Every structure is written in C-alpha cells, then in structure tokens.
Amino acid sequence: MRPDPDGPRTVPAGLAHAPVLAALHALAFADPDLSGPAWDEAAFAQLLMLPGTAAFLALAGEEPAGLVLLRTAADEAEILTIGTIPAARGRGIGLALLRTAAAAACDSGAQAMFLEVAAGNAPAQRLYARSGFETVGRRRGYYHTAAGPVDALVLRRALP
Ligand SMILES: CC(C)(COP(=O)(O)OP(=O)(O)OC[C@H]1O[C@@H](n2cnc3c(N)ncnc32)[C@H](O)[C@@H]1OP(=O)(O)O)[C@@H](O)C(=O)NCCC(=O)NCCS
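These figures come from a predicted structure and were not determined experimentally. (Residues numbered from 1 in each chain as written. Predicted model: local features only at pLDDT ≥ 70, side-chain atom pairs only at ≥ 80, totals over all residues. Heavy atoms only, no water.)

1. Side note on the overall build of the protein chain
Within the protein chain, the secondary structure is distributed over 4 helices and 7 strands. Going from N to C terminus, the protein chain has its helices and strands arranged as β-α-α-β-β-β-α-β-α-β-β. For the protein chain, the spread of C-alpha atoms along the principal axes amounts to about 40 × 30 × 30 Å. Looking at the protein chain as a whole, 44% of its 160 residues qualify as buried. In the protein chain, the share of contacts with a sequence separation of at least 24, taken over all contacts with a separation of at least 6, comes to 59%. By element, 55% of the accessible surface of the protein chain is carried by carbon and sulfur atoms, the whole surface being about 8200 Å². (Helix = DSSP H or I, 4+ residues; strand = E, 2+ residues; numbered from the N terminus. Buried < 20%, exposed > 50% of the residue type's maximum accessible area, 1.4 Å probe, protein only. Contact = heavy atoms within 4.5 Å. Areas by Shrake-Rupley, 256 points an atom, 1.4 Å probe, with all protein chains shown as cover.)

Right, dumping it as structure tokens:
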C-alpha cells in the first residue's frame with residue numbers, strides 16, 4: 001500500500017485485480033458521451049501482462065473507487081486510462097491517481113508522461129491542467145461517441 005499524505009490512498013493493482021479494474025472502468029465511463037475501447041476484464045488482464053504496464057487503485061475508505069493504467073517505454077509514459085466512479089468524484093482521487101502514476105513512471109525512468117483526452121471532457125481537462133499537463137497535439141475525430149466523432153487532445157507533462 002502506498003500512503004499519500006496529501007490525498008486518498010492508492011494501491012498497486014495486478015492481474016488478480018483485472019475484474020475490479022474492469023468494474024470500476026465501466027462505472028467511471030458509463031456516460032455515453034465518453035468513449036474509447038472496451039475495457040473489459042480480458043483487456044485489463046492482457047495489458048497487465050505486457051512489460052512496462054502498471055495499474056493502481058484508489059480507495060475511498062476501504063473501497064476501490066478509482067483506477068489508473070499506465071505504460072512506460074524507454075523515457076516516455078502514457079496514461080492508458082484513468083477514472084473515478086461517479087459517487088467518489090470531487091475528493092481528490094483523480095489527482096492522487098495521477099500523482100501515483102507520475103511517481104511510478106519516474107521510478108521506471110520516464111521523463112515525460114502523455115495522455116489523450118476528449119476535447120469536450122472539461123472535468124478531465126481541469127484535472128490534467130492542475131497536474132501540469134499541456135496540450136501538444138490534436139487528433140481529429142479520434143473518439144466515436146454517441147453524439148458523433150470528437151477530437152482528442154494530446155497532452156504532455158514533464159516528469160517529475
Ligand atoms: C476526470 C476524473 C477522473 C476526475 O476524477 P476526480 O476523482 O473527481 O478528480 P479530483 O477529485 O482530483 O478533482 C475533481 C474536482 O474536485 C475538486 N476536489 C478535489 N478534492 C476535493 C475536496 N477534498 N473537496 C472539494 N473539492 C475537491 C478538484 O479541485 C476538482 O475541481 P474542478 O472540477 O473544479 O477541477 C473523473 O471525473 C472521471 O472519472 N471522469 C470520467 C472518466 C474520464 O473522463 N476519464 C478521463 C478520460 S481522458
């Protein structure tokens with residue numbers, strides 16, 4: 001367990017947590033305007049078997065309430081997915097997950113962290129801006145949502 005004096009606790013997640021990660025992801029991304037690949041249990045298990053991939057859970061009390069999955073290759077890390085279940089938002093879990101991911105990426109030798117976010121996803125963009133991410137690119141029509149195609153912004157932050 002990784003205690004965080006500045007916020008909610010985060011704990012490393014392994015293959016055995018694939019079902020929990022998938023359940024949390026389904027709750028966090030239940031909004032039909034959010035989209036992306038299907039992050040089911042098998043997808044998490046496959047990704048967690050790849051070298052350089054790591055996942056963490058955030059706890060609200062003792063209950064898992066958020067997740068982050070990242071991949072580090074050479075000196076770059078990428079946040080593959082991050083989410084907090086709706087009932088636990090606004091308590092600093094997103095920020096704690098990003099801090100944990102950044103620390104893990106640093107430990108693995110990364111010097112920069114990247115992610116993609118939908119152009120209309122204001123809560124996520126505020127979180128990333130607070131965490132020091134800056135927009136470095138745009139992928140037009142990258143997401144296919146219930147409302148139609150949505151651009152992805154590519155964000156980067158230097159580490160640590
Ligand atoms: C984006 C997301 C991960 C943020 O998670 P979160 O746990 O709510 O994030 P935080 O609690 O750290 O920050 C959210 C807000 O709560 C505020 N907050 C944090 N701790 C707080 C506290 N103790 N008391 C009051 N407010 C607090 C933050 O300042 C922030 O305010 P803002 O909305 O004005 O920016 C979450 O909304 C989510 O899962 N969305 C759906 C999935 C998604 O979009 N993922 C990202 C895809 S790229």
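2. Some thoughts on the site of the ligand
By nearness alone, 21 residues border the ligand, and T84, G92, G94, N121 and R130 come closest of all. At 2.9 Å from a nitrogen atom of the ligand is found a main-chain nitrogen or oxygen belonging to I82. In the model, an oxygen atom of the ligand is placed 2.8 Å from a nitrogen or oxygen of the T84 main chain. About the coverage of the ligand: the protein hides 69% of its 950 Å² of free accessible area. At the level of secondary structure, the elements contributing two or more residues to the shell around the ligand comprise β4 (76-84), α3 (93-107), β5 (112-118) and α4 (122-130). Of all the elements, α4 adds the most residues to the shell around the ligand, at 5 residues. (Near = heavy atom within 4 Å. Polar contact = N/O pair within 3.5 Å; in protein donor to acceptor, adjacent residues only side chain to side chain.)

3. Quick look at the packing of aromatic side chains
Here the structure, examined in full by the defined rule, presents 3 aromatic pairs. For the ring pair Y128 and F133, a centre distance of 5.7 Å and an interplane angle of 65° mean the geometry is edge-to-face. Both residues of the pair, Y128 and F133, belong to the buried class. With centroids separated by 5.1 Å and ring planes inclined at 85°, the aromatic side chains of Y142 and Y143 adopt a geometry described as edge-to-face. The lysine or arginine in question, R139, covers the ring of Y142, its NZ or CZ lying 5.9 Å from the ring centre. (Phe/Tyr/Trp six-rings, centres within 6.5 Å; stacked < 30°, edge-to-face > 60°. Lys NZ or Arg CZ within 6 Å of the ring centre and 35° of its normal.)

4. Description of the pairing of strand β6 (residues 134-145)
Pairing between β6 and strand β7 (residues 148-158): 8 bridges, direction antiparallel. Bridging across to β7, T145 finds its partner in G148. Counting the residues between successive antiparallel strands, the hairpin from β6 to β7 contains 2 residues. (Pairing = 2+ DSSP bridges.)

5. A word on the environment of G141
Following the sequence through the fold, G141 ends up in strand β6. Each C-alpha atom of the pair G141 and A55 lies 28 Å from the other, and the pair is 86 residues apart in sequence. Discounting chain neighbours no more than four positions away, the residues touching G141 are P149, V150 and D151.

6. A word on the packing of helix α1 (residues 18-28) against helix α2 (residues 41-48)
Viewed as axis vectors pointing N to C, α1 and α2 meet at an angle of 125°, and their least axial separation amounts to 8 Å. When the axes of α1 and α2 are compared, the pair comes out oblique. Between α1 and α2 lies a crossing whose hand is right-handed. Between α1, through A18, P19, L21, A22 and H25, and α2, the contact on the second element is made entirely by E41, F44, A45 and L48. Taken together, the residues of the contact of α1 with α2 break down into 7 nonpolar, 1 polar and 1 charged. (Axes fitted to C-alpha atoms, helices over the stretch in contact; angles between N-to-C directions. Parallel < 35°, antiparallel > 145°, perpendicular 65-115°, else oblique. Left-handed = near helix turned anticlockwise from the far one by under 90°. Nonpolar A, V, L, I, M, F, W, Y, C, P; charged D, E, K, R; others polar.)

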